[in-house]
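For reference, the chains in residue letters:
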Amino acid sequence: MAPAEILSGKIVSAEVRERLKQQVVEMKEKFPGFRPGLAILQVGNRDDSNLYINMKLKAAAEIGISANHIKLPNTATEADVLKCIASLNGDPAVHGFIVQLPLDSDKPINTEKITNAVAPEKDVDGLSSINAGKLSRGDLGDCFIPCTPKGCMELIRQTGIQVAGKRAVVVGRSKIVGAPMHDLLLWNHATVTVCHSKTLTLAEEVGKADILVVAAGRAEMVKGEWIKPGAIVIDCGINHVPDSTKASGKRVVGDVAYSTAKERASYITPVPGGVGPMTVAMLMQSTVESAQRFLEKFQPGKWNIQYNQLILKTPVPSDIEISQSCLLKPIDQVAKEVGLLPDEVELYGQTKAKVHLSALKRLKNQPDGKYIVVTGITPTPLGEGKSTTTVGLVQALGAHLHQNVFACVRQPSQGPTFGIKGGAAGGGYCQVIPMEEFNLHLTGDIHAITAANNLVAAAIDTRIFHELTQTDQALYDRLVPSVNGVRKFSGIQIRRLQKLGINKTDPTALTKEEVSLFVRLDIDPGTITWQRVLDTNDRFLRKITIGQSPTEKGFSRTAQFDITVSSEIMAVLALSDGLDDMKKRLGRMVVASSKRGEPVTTDDLGVTGALAVLMKDAVKPNLMQTLEGTPVFVHAGPFANIAHGNSSVLADKIALKLVGEEGFVVTEAGFGADIGMEKFFNIKCRYSGLRPHVVVLVATVRALKMHGGGPAVTAGVPLPKEYMEENLQLLAKGCSNLNKQIQNARMFGVPVVVAVNAFKTDTKAELALVVQLAKEAGAFDAVECTHWAEGGKGAVALAQAVQRASRTPSNFTFLYNVELPVIDKIRLIAQQIYGASDIELLPEAQEKVTLYTKQGFGNLPICMAKTHLSLSHDPEKKGAPTGFILPIRDIRASVGAGFLYPLVGTMTTMPGLPTRPCFYDIDLDPVSGEVNGLF
């Protein structure tokens, strides 16, 4: 018979690669920005492994696959390898993943444990037990096949001979080739016999084979005369035999005696150049197949997320009852659903986690989603429901309209939780859960701020004390001590020397004058603006005397405690865009002035590095979920009066990357639009560089009636009839406040959607009137919402309006240029946002304008500290007052956070407890461990 046709793996693999290259091109056309991803994990530095990996990397580049070679040293432990595998398993950009064998480590590593750790859906080598099991039971469409057997099958198909019904013999039983080759032929309907080196009748069995696959690892073990005439012979062997004619002294042969076998076979693979090239081609094919499966399951930019279905009850139960009745998803599942990698998530139990800032770095090239800010009319004691609307909107966008959406909200202070307000997780069927964890310690961020803030306070008073009681030299000897005969400045002390213009690094080289300058901050106690803080409402700490112990040698002064969320460190956390930026801001915080009138900073105190250490975990956003399973970042909670009242820049930035270009991030600004929204635009957006797409302005019929002149309300007393019965005249008058807040939002060039948060006492005519007047005032749309009672379903119309508004142009602009004089910036806010005719600076405020301008802080944005209960400075003036003079009592600086805050009236920074605080109703069930009565 004629010699066998040669099955050239080089030719077939080239055809396969060309086909794959075209498939990748088509993927990219259909899904711009998408690329199949292959990761190759290597342990050690074996030369043969390096050669094989380079072949794979070259093939991947040729096809258009993004290949990543991860190389661990040969000192890597099993735990190191498993950790790396876990990270790659969770990386959505990796579709195929192989561990290069053998593992070249000087530590004991269980290879089977390693290969089984690879996620089956990414195991393109097909070596995991799960893929092997699926193959053995015939699930060929739902598994990955080891590359060599897969290449063998491709070569067999090239012959055009049907496999079904043929007798096949596989010589070899390895897990990599022999065993899977048997399964592959069997499920392609061949009758298969497996032989090996111990088979007694090997020649006889080989002679029966229509299809012969040899993978025994023994040179020319199968003789040509054994082969059935006309058989297909696939030789997987690679063996070296002595050959004096070769320069290397050896040549490569297969497991089949090629020269005699080709005279009997109809088709045969050469060695080399047969199966070998196919192995790499099949690895590439499996990677492309994995990417295609990924695209079928996960649309790029579209989360595969599980939503929780609400079981609505009437009447609506208490918030905590609803929260505790909901079945939460494990928080690591939420993290995976939104595209976070395992090593980017730090779990705090099953319901909350911190997200590492490395996620932002990884996603830096991802386009941002749509940025939505929720604000409200001027608040009233009746409540407007901004937090509830924020949660309802994201539940509607996510669970009902199937958009990628993140809520970014502030962490509430623990003080009011036990005081009057109660919880702040939203309400009804629109909550962040579990609400008891949300409202209490969460992950300890506020406690970290308390510790950091009070470290600064201690450093201030301690420094004043030591400067009063020691000479320059004694201070110097203690600040720069000799350790083992060597004196050395710390890094932060070098910075202080440079600030003073002393360019010396040798502690012995300073003159007496330089020593004095270095050691004496010379703080003027009367200028100290830094207070101690506590996250508890305690009115008796509003004014205290410190330093009463005899050990303080008569140094005492009047001071106070503020609530923790009013600390400048909280504002710094909220406005930082990374660890480095946070550290710089912490160092810039001004705590007092020296007696020479110069600002004294935390860096001068030497405490910056310690603050950064205390805050290193707090800077990571906290991941939680809503009742309907949409993701939430809870991060930072600055006051909305003396600070800017918005959640963190970092949470917003990470969320905007995670949702993708077509997704939405919904954040909430504190108090009314005149305060929280104005600061969101002029401070937060200025520092973050982010640009909002839509403003959602929340209003209620009853709150608008109060702005129209409705009677005052008293806690615990039934509402007056004006709020319970239809009163269109009172409502229309109160809509002046809504009108003004719509104008305020539009002043920044952003479309406004009004959310009318409906109550059961509202009439259809009242709701229709608010919608009508809102549109007449310039709102893009106004929508009635029932999300408190219905969850996301009750905010679907609002979500659709937000979608439409987000597609319109947003011509965002700031209200003022920071280069303007301080007084001009204050006047612009007062006149344009509040409706004042002018401002009046009291003497103390005028002095501060001069001082801060002299100290170089005049170009900071303005953060107005005024009552939230009126557009004016008078909380009794409802509606939209005009023509008033806004009095500026004082101006203070949060230099680290990056703003000046003028004080309009008196600001309470330490709330008190009422006669009957919420804590009367809060209890712990010792059997179930459940919190009761929180809200």
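Conventions we followed
Residues numbered from 1 in each chain as written. Predicted model: local features only at pLDDT ≥ 70, side-chain atom pairs only at ≥ 80, totals over all residues. Heavy atoms only, no water. Helix = DSSP H or I, 4+ residues; strand = E, 2+ residues; numbered from the N terminus. Buried < 20%, exposed > 50% of the residue type's maximum accessible area, 1.4 Å probe, protein only. Contact = heavy atoms within 4.5 Å. Areas by Shrake-Rupley, 256 points an atom, 1.4 Å probe, with all protein chains shown as cover. Lys, Arg positive; Asp, Glu negative; His and termini not counted. Charge placed at Lys NZ, Arg CZ, Asp CG, Glu CD. Core = buried A, V, L, I, M, F, W, Y, C linked by side-chain atoms within 4.5 Å. Axes fitted to C-alpha atoms, helices over the stretch in contact; angles between N-to-C directions. Parallel < 35°, antiparallel > 145°, perpendicular 65-115°, else oblique. Left-handed = near helix turned anticlockwise from the far one by under 90°. Nonpolar A, V, L, I, M, F, W, Y, C, P; charged D, E, K, R; others polar. Expected span 1.5 Å × (residues − 1). Patch = residues over 30% accessible without salt bridge, like charges linked within 9 Å, V, L, I, M, F, W, Y side chains within 5 Å. Salt bridge = Lys/Arg side-chain N within 4 Å of Asp/Glu carboxyl O. Polar contact = N/O pair within 3.5 Å; in protein donor to acceptor, adjacent residues only side chain to side chain. Pairing = 2+ DSSP bridges.

We now examine the overall build of the protein chain. When its secondary structure is counted, the protein chain shows 34 helices and 37 strands. Split into buried and exposed, the 935 residues of the protein chain put 56% on the buried side. A separation of at least 24 residues holds for 74% of the contacts in the protein chain among residues at least 6 apart in sequence. Counting every atom, the protein chain has about 38,700 Å² of accessible surface; 53% of that belongs to carbon and sulfur. Side chains of the protein chain carry 100 positive and 94 negative charges; the gap between the two charge centres is 2 Å.

Here we take up the environment of isoleucine 492. Positionally, isoleucine 492 belongs in helix α19 (residues 491-499). With near-sequence residues (within four places) excluded, isoleucine 492 lies in contact with Asp603, Gly606, Val607, Thr608 and Gly609.

A word on the nonpolar core. Phe406, Phe633, Phe681, Leu738, Val754, Leu886 and Ile888 are the most contacted members of the largest nonpolar core, which has 139 residues in total. Top element by residues in this core is helix α17 (residues 445-469). It accounts for 10 residues. In this view, leucine 886 contacts Ala830, Tyr834, Ala836, Asp838, Ile839, Glu840, Met864, His873 and Val904; residues no more than four positions away in its chain are not counted. Of all hydrophobic cores here, the second largest spans 51 residues; its members include Ile145, Val170, Leu184 and Cys236.

A few words on unusual backbone geometry. Cis geometry marks the peptide bond from threonine 314 to proline 315; its omega dihedral reads -5 degrees. Cis rather than trans, the peptide bond between isoleucine 433 and proline 434 has omega equal to -5 degrees. By the element assignment, proline 434 lies in the loop between β17 (430-433) and α16 (435-439). A positive phi angle, close to 75 degrees, is found at histidine 189, a residue other than glycine. When you line up the elements, histidine 189 lands in the loop between α7 (178-186) and β6 (191-195). Positive phi outside glycine occurs at aspartate 522, with the angle close to 55 degrees.

On to the environment of proline 720. As for its placement among the helices and strands, proline 720 is situated in the loop between α27 (701-707) and α28 (721-724). Its relative accessible area of 23% is what places proline 720 among the partly exposed residues. C-alpha separation for the pair proline 720 and serine 128, spaced 592 residues apart in sequence, amounts to 71 Å. Ignoring any residue separated from it by four or fewer positions in sequence, one finds proline 720 in contact with Pro711, Ala712 and Val713.

Between helix α22 (residues 579-588) and helix α24 (residues 608-615), whose axes approach to 9 Å, the crossing angle comes to 135 degrees. The pairing of α22 with α24 is recorded here as oblique in orientation. Crossing of α22 over α24 shows right-handed handedness. In this structure, α22 contributes Met582, Lys583, Leu586 and Gly587 to the contact, and α24 contributes Thr608, Leu611, Ala612 and Met615. Here the contact of α22 with α24 is composed, by residue class, of 5 nonpolar, 2 polar and 1 charged.

Counted at 1.5 Å a residue, the expected span for helix α6 (residues 147-158) with its 12 residues is 16 Å, and the 17 Å between its end C-alpha atoms agrees. Burial of α6 is extensive: 10 of the 12 residues sit out of reach of the surface. Where α6 is concerned, the buried positions are Cys147, Thr148, Pro149, Lys150, Gly151, Cys152, Met153, Glu154, Leu155 and Ile156. Considering only its buried residues, α6 is in contact with α1 (9-30), α7, β7 (211-214), β8 (232-235) and α10 (275-297).

Together, Leu51, Tyr52 and Met55 give the surface a local cluster of nonpolar side chains, amounting to about 300 Å² of exposed area. Judged by relative accessible area, which is 42%, tyrosine 52 ranks as partly exposed.

Following the sequence through the fold, lysine 866 ends up in the loop between α34 (843-854) and β33 (885-888). A polar contact of 2.4 Å, which involves the side chain of lysine 866, links it to the backbone oxygen of serine 870. A distance of 3.4 Å separates a polar side-chain atom of lysine 866 from the backbone oxygen of leucine 871. Once residues within four sequence positions are removed from consideration, lysine 866 is found in contact with Asn641, Asp674, Ile675, Tyr834, Leu871, Ser872, Val904 and Met907.

Here we take up the pairing of strand β26 (residues 622-626). Burial runs high along β26: 5 of the 5 residues are buried. Examined bridge by bridge, strand β13 (residues 353-355) and β26 share 2 bridges and lie antiparallel to one another. Considered in β26, the bridge of lysine 354 is made with asparagine 622. As judged from the 2 bridges shared by β17 and β26, these two strands associate in the antiparallel manner. Looking across to β26, one finds that valine 432 is bridged to threonine 626. Here 4 bridges tie β26 to strand β27 (residues 631-634), and the two strands are oriented antiparallel to one another. Along β27, the bridge assignment pairs glutamine 625 with proline 631. Remark: 4 residues form the turn of the hairpin made by β26 and β27, two consecutive strands paired antiparallel; glycine 629 in that turn has positive phi of roughly 90 degrees.

All right, on to helix α32 (residues 796-806) then. Burial within α32 is extensive, with 8 of its 11 residues counted as buried. Val796, Leu798, Ala799, Ala801, Val802, Gln803, Ala805 and Ser806 are the residues of α32 that are buried. Buried residues along α32 sit in contact with β14 (370-376), α14 (386-400), β28 (664-668), β29 (694-699), β30 (752-757) and β31 (781-785).

A word on the sheet that holds strand β1 (residues 5-6). Strand pairing in a sheet is mediated by backbone hydrogen bonds. Such pairs are either parallel or antiparallel. In spatial order, the strands read β1-β11-β8-β7-β5-β6; together these 6 strands make up an open sheet with parallel pairing. The open sheet has two free edges, formed respectively by β1 and β6, since each of these has just one partner strand. With 4 bridges joining them, β7 and β8 adopt parallel strand pairing. Note that in β8 the partner of valine 214 across the bridge is aspartate 235. Strands β5 (167-171), β6 and β7 of the sheet are contacted by α7, whose axis makes an angle of about 170 degrees with β5.

Evaluation of the coordinates by the stated rule reveals 46 salt bridges. Between aspartate 243 and arginine 251 there is a salt bridge; the shortest N-O distance is 3.1 Å. Among the residues examined, arginine 251 registers a relative accessible area of 34% and is labelled partly exposed. In this structure, the salt-bridge partner of aspartate 461 is arginine 557, at a minimum N-O distance of 2.8 Å. Highlighted residues: aspartate 461 in helix α17 and arginine 557 in strand β22 (residues 557-559), separated in sequence by 96 residues. Arginine 557 sits in the buried class, given a relative accessible area of 13%.

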